[in-house]
Amino acid sequence: MENNLDQTMSLLNRTPAALNALLRDLPETWTLRNEGENTWSAFDVVGHLIHGERADWMPRARMVLQFGETKAFEPFDRWGQEREIQGKSLGQLLDEFSRLRSENLDELRALNLRPEDLDRRGRHPALGAVTLSQLLATWAAHDLTHLHQISRVMAHQYREAVGPWSEYLGVLQCAGHSAS
């Protein structure tokens, strides 16, 4: 499927509500547990999404439009959520993510992007030339990756409790390819 900006924004708009419906007011045994060393809990993932709202998607979109390929994006700190989550509850993080996402989508709409804008190129520090369209499609796929990750991490908590049914539960067979 090719990137369609309206469809991409429709998905991006739904992620905060999906996270809110899944995570708000759950016991911490669901939201603070991870899959082991150097893995993230649902709480950590929400912090990571907040960090991305601040440091990744819209800052990079603005750079593509302002500088093209002449200036590379700042490298993204994949562990930047550690600063975002300190001293906050999951409810506070969900509210903050929702607010930041809404602001970013409002800003994206205000750009009034044309098809030729989506073809403009920027420079990723590791991947090289990327288009604005690719960046925006990645934003949506990134959300889906982390929704999958949260589901996997939460299911992991029941890996022993389900007993022999584990062989029928694909989420328990997933090797954890979405750790970031």
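Every value quoted in this text rests on a predicted model; they were computed, and no experiment measured them.

Asker: Could you give an account of the nonpolar core, naming the residues involved and the relevant values?
Answerer: L5, L108, L113, L132, L136 and W139 are the most contacted members of the largest nonpolar core, which has 19 residues in total. Elements supplying a minimum of two residues to this core: α1 (5–23), α4 (57–67), α6 (90–110) and α8 (132–156). In this view, L113 contacts L5, L65, L108, L118, L132 and L136; residues no more than four positions away in its chain are not counted. Within the second largest apolar cluster, 17 residues are counted, among which are I50, I85, L90 and L100.

Asker: Report on unusual backbone geometry, specifying residues and quantitative values.
Answerer: In this model, N38 sits at a positive phi of 60°, which is unusual for a non-glycine residue. Positionally, N38 belongs in the loop between α2 (28–31) and α3 (42–55). In this structure, N112 takes a positive phi of about 45° despite not being glycine. Mapped onto the elements, N112 comes out in the loop between α6 and α7 (115–118).

Asker: Go over the pairing of strand β2 (residues 128–131), please, and point to the residues and values.
Answerer: Residues in a regular strand project their side chains so that they alternate between the two faces of the sheet. Across four bridges, strand β1 (residues 121–124) lies against β2 in antiparallel orientation. Within β2, the residue paired with R121 across the bridge is T131.

Asker: Describe the environment of T145, with residues and values.
Answerer: Within the secondary structure, T145 is located in helix α8. Classification of T145 as partly exposed rests on a relative accessible area of 31%. Here the alpha-carbon distance between T145 and L172, two residues 27 residues apart in the chain, equals 16 Å.

Asker: So what about the side chain of Q157? Which residues, and what values?
Answerer: Among the structural elements, Q157 can be located in the loop between α8 and α9 (170–173). Taking relative accessible area as the criterion, Q157 reaches 18% and is therefore assigned buried. Excluding residues that lie within four positions of it along the chain, Q157 makes contacts with T29, W30, R33 and N34.

Asker: I'd like to hear about the packing of aromatic side chains, residue by residue, with values.
Answerer: Two measures describe an aromatic ring pair: the distance that separates the ring centres and the angle between the ring planes. Tallied over the entire structure, the rule returns three aromatic pairs. Both rings, one in W57 and one in W139, keep their centres 6.0 Å apart while their planes meet at 10°; by these two values the pair is stacked. Of the two residues, W57 is situated in helix α4 and W139 in helix α8; the sequence distance between them amounts to 82 residues. When the ring centre of F67 is taken as reference, the NZ or CZ atom of K71 above it lies at 4.7 Å.

Thresholds applied
- Residues numbered from 1 in each chain as written.
- Predicted model: local features only at pLDDT ≥ 70, side-chain atom pairs only at ≥ 80, totals over all residues.
- Heavy atoms only, no water.
- Core = buried A, V, L, I, M, F, W, Y, C linked by side-chain atoms within 4.5 Å.
- Buried < 20%, exposed > 50% of the residue type's maximum accessible area, 1.4 Å probe, protein only.
- Helix = DSSP H or I, 4+ residues; strand = E, 2+ residues; numbered from the N terminus.
- Contact = heavy atoms within 4.5 Å.
- Pairing = 2+ DSSP bridges.
- Phe/Tyr/Trp six-rings, centres within 6.5 Å; stacked < 30°, edge-to-face > 60°.
- Lys NZ or Arg CZ within 6 Å of the ring centre and 35° of its normal.

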